Amino acid sequence: MEIYNYDKEFQLETGATLPELQIAYHTFGRMNAERDNVIWVCHALTANSDVADWWPNTVVEGGFLDPSKYFIICANILGSHYGTTGPMSLNPASGTPYYDRFPQMTVRDMVRVHQLLAAKLGINRVKLLIGSSLGGFQCMEWALMEPDFAEKVALIATTPVSKPWAVAFNESQRMAIESDPTYGQDSPDAGANGLACARSIALLSYRGRQAYDLTQADNGAETDLDNPFRRRVQTYQQHQGNKLKNRFNAYSYYRLSRAVDAHDVARGRGPMDEVLKGFKPQTAVIAITSDILFPPEDHQPFVENIPDVEYHLIDSDFGHDGFLIEYKKLTDIITKFIEK
């Protein structure tokens with residue numbers, strides 16, 4: 001991981017300011033002499049800048065993020081827990097972490113931070129800008145804020161505006177975090193148990209019924225005859241909640257989820273169809289059949305309005321998380337799109 005320290009004041013959309021920024025990022029491969037082989041990856045909610053860590057079988061030879069062919073870069077998003085300025089960062093004014101005093105940011109703020117890093121690295125244009133879920137939010141905002149930055153954009157399992165269904169999941173997660181009596185304290189572990197509960201709620205939207213019934217059905221040999229109330233899926237929910245609790249921070253999660261809720265590419269720009277008609281890069285839109293968080297119909301505004309667009313529907317049982325699992329199908333689609 002590399003760090004870019006930006007020592008100037010950064011103003012957020014809300015009007016709040018951060019006196020300085022730290023931007024964490026990873027790179028893979030080499031930039032060629034023409035500087036035209038750059039792929040910028042925008043990551044999702046609780047991922048980090050190490051794409052090879054969270055997107056298996058993609059940063060490999062033959063993958064769509066092939067480091068032998070491309071220079072791949074991913075920056076940790078503003079407000080996250082993995083190196084870029086966020087609630088656990090030291091506030092220069094107090095010398096202590098921000099904790100719950102960290103100001104609320106938006107997806108557009110995240111993109112403006114990415115733009116600072118791109119300028120520092122001398123990256124004026126990329127061959128491909130790619131992201132899934134919240135990563136897709138960043139890609140579409142970037143393409144609208146800086147129309148000539150990306151030659152091509154890949155939008156995977158995402159949506160031009162957060163609809164009430166998705167926002168409801170996030171609100172329930174924040175309610176779970178707020179119900180933890182430690183939330184609000186000046187501690188890196190504040191709200192940790194609430195965060196674990198929030199994650200178990202989020203998983204319902206990430207996987208959906210098909211994936212749960214396929215992967216969490218009780219095995220007859222594992223059935224506890226003395227305790228018929230104990231089911232395999234209960235252990236799964238607890239395990240996944242504790243995994244996030246042990247690696248992420250409740251204050252970051254809370255603010256990132258609110259940034260997701262505020263996402264609307266048409267905000268302040270005009271009618272949605274007109275905004276998307278102004279989308280300049282060649283665009284691949286990829287939806288997943290079983291995604292209940294951002295279902296295929298959420299992708300139709302892209303397909304109907306972006307001028308240069310191709311649409312792909314991946315058949316998968318794994319819901320929204322299919323973008324992490326169906327790497328072979330993604331590799332086939334995105335490799336052809338890049339080389340087209």
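Up top you'll find the structure we're talking about.
Residues numbered from 1 in each chain as written. Predicted model: local features only at pLDDT ≥ 70, side-chain atom pairs only at ≥ 80, totals over all residues. Heavy atoms only, no water.

Caption draft 1: Summary view of unusual backbone geometry. Residues other than glycine seldom take positive phi values, yet tyrosine 99 does so here, at roughly 50 degrees. Of note, tyrosine 99 is situated in the loop between strand 8 (96–97) and helix 2 (107–121). Judged by relative accessible area, which is 10%, tyrosine 99 ranks as buried. A positive phi is found at alanine 157, a non-glycine position, where the angle reads about 45 degrees. Its place among the elements puts alanine 157 in the loop between strand 10 (150–156) and helix 4 (164–178). What makes alanine 157 buried here is its relative accessible area of 0%. (Helix = DSSP H or I, 4+ residues; strand = E, 2+ residues; numbered from the N terminus. Buried < 20%, exposed > 50% of the residue type's maximum accessible area, 1.4 Å probe, protein only.)

Caption draft 2: Looking closely at the pattern of salt bridges. Counted according to the given criterion, the structure contains 18 salt bridges. Between arginine 269 and glutamate 141 there is a salt bridge, and its shortest N-O distance comes to 2.8 Å. Taken as a pair, arginine 269 in the loop between helix 7 (250–261) and helix 8 (272–277) and glutamate 141 in helix 3 (residues 134–145) lie far apart in primary sequence, 128 residues in all. The exposure class of arginine 269 is partly exposed, given its relative accessible area of 32%. Here lysine 336 ties to aspartate 332 by a salt bridge, and the two come within 3.3 Å at their closest N and O atoms. One end of the pair is lysine 336 and the other is aspartate 332, both in helix 11 (residues 327–339) and four residues apart, which spans about a single turn. For lysine 336, a relative accessible area of 54% puts it in the exposed group. (Salt bridge = Lys/Arg side-chain N within 4 Å of Asp/Glu carboxyl O.)

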